[in-house]
Amino acid sequence: MDIRPNHTIYINNINDKVKKEELKRSLYALFSQFGQIVDIVAMKTMKMRGQAFVVFKELAAATNALRQLQGFPFYNKPMRIQYAKTDSEVIAKVKGTYGDKEKKKEKKKKAQEAAAAANLTKKPPLGSAVPVHTPAVQVPDNPPNYILFLSNLPEETNEMMLSMLFNQFPGFKEVRLVPGKHDIAFVEFESDTQAGVAKDALQGFRITATCAMKITYAKK
């Protein structure tokens, strides 16, 4: 019996030695390249070990993720992915998880921004509306290079998370973390052109809600 496509995908055969929070972050880093994620549910109960649900906002994103990542070696085990039997069957039971908190934060932020924008006609309140746009500042860069330098990475970043993000781009060779420094890393490509494509595509990518990754060419 074929399961009807829907927004929620069900993943199993996940390495159950991975801690729940790290698992959620890695799933987010891997799956968010396909589209906006509404929620991720992973539980460590006996019945739910080695399994997770990822809920996408768009159906097309769920379909793409399922096709592209079927059998992907995630923590050294090939993922098995299918559509969930009903849309978000587990989500209803496990409200208040990862994505919901992010959504609430997002709603609050949008409400604050709207209020700030409304106030702009009067006197802009100090510290609102203005800092929101700071991420658009151009990152100062070096001449093109086949090695990229990443900074502003969150503490929980690991080599696998970065490899999953960058290996979708042609020419990807390897990720190198810097011992003792969690917030920077190097990514090597076969050519500076290929490195440039990845740099533009992932500039400002958020591995976590608070850390927007900065990417520049490494100094030669």
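Residues numbered from 1 in each chain as written. Predicted model: local features only at pLDDT ≥ 70, side-chain atom pairs only at ≥ 80, totals over all residues. Heavy atoms only, no water.

With an unreviewed UniProt entry as reference, the protein chain is termed U2 small nuclear ribonucleoprotein B, source organism Solea senegalensis. The record in UniProt for the protein chain states the following under Sequence similarities (unreviewed entry): "Belongs to the RRM U1 A/B'' family." (UniProt positions renumbered as here; feature names shortened; annotations may be inferred.)

One pass over the full model with this rule turns up six aromatic pairs. With a centroid separation of 5.1 Å and an interplanar angle of 45°, the aromatic rings of Tyr10 and Phe53 are classed as tilted. With Tyr10 in strand β1 (residues 8–12) and Phe53 in strand β3 (residues 52–56), this residue pair connects regions lying 43 residues apart in the sequence. In terms of burial, Tyr10 and Phe53 fall into one category: buried. An angle of 80° between the planes, with centres 4.9 Å apart, marks the rings of Phe74 and Tyr75 as edge-to-face. Of the two residues, Phe74 and Tyr75, both sit in the buried class. By the ring-pair criterion, three or more aromatic residues cluster together here, those being Phe166, Phe172 and Phe189. (Phe/Tyr/Trp six-rings, centres within 6.5 Å; stacked < 30°, edge-to-face > 60°. Helix = DSSP H or I, 4+ residues; strand = E, 2+ residues; numbered from the N terminus. Buried < 20%, exposed > 50% of the residue type's maximum accessible area, 1.4 Å probe, protein only.)

What follows concerns helix α5 (residues 192–202). When α5 is considered as a whole, its buried residues turn out to be Ala195, Gly196, Ala198, Lys199 and Leu202. Viewed end-on, α5 has its buried residues packed into an arc of 165°, placing them on one side of the element. In α5, the exposed residues that point more than 90 degrees away from the buried face are Thr193 and Asp200. The elements touched by buried residues of α5 are β7 (147–151), α4 (159–166), β9 (181–189) and β10 (214–217). (Arc of directions from axis to C-beta. Contact = heavy atoms within 4.5 Å.)

What follows covers the sheet that holds strand β6 (residues 80–83). Across the sheet, which stays open at both edges, the four strands sit in the order β2-β3-β1-β6 with antiparallel pairing between neighbours. Every other strand in the sheet has two partners, leaving β2 (37–41) and β6 as the edge strands with one partner each. For this sheet, the mean angle separating the axes of adjacent strands, direction not counted, is 20°. Examined bridge by bridge, β1 and β3 share four bridges and lie antiparallel to one another. Its bridge partner being in β3, Ile11 is matched across the sheet by Ala52. Taken strand by strand, helix α1 (residues 20–31) contacts β1, β2, β3 and β6, and its axis lies near 145° from that of β2. (Pairing = 2+ DSSP bridges. Axes fitted to C-alpha atoms, helices over the stretch in contact; angles between N-to-C directions.)

What follows concerns the sheet that holds strand β8 (residues 172–178). If you walk across this open sheet you meet the four strands as β8-β9-β7-β10, and the pairing is antiparallel. At either margin of the open sheet sits one strand with a lone partner, and together these are β8 and β10. For this sheet, the mean angle separating the axes of adjacent strands, direction not counted, is 25°. Where β8 meets β9, six bridges bridge the pair, whose relative direction is antiparallel. Across the sheet, the residue bridging to Val178 is Lys181, located in β9. Relative to the sheet, α4 contacts β7, β8, β9 and β10, its axis offset from that of β8 by approximately 150°.

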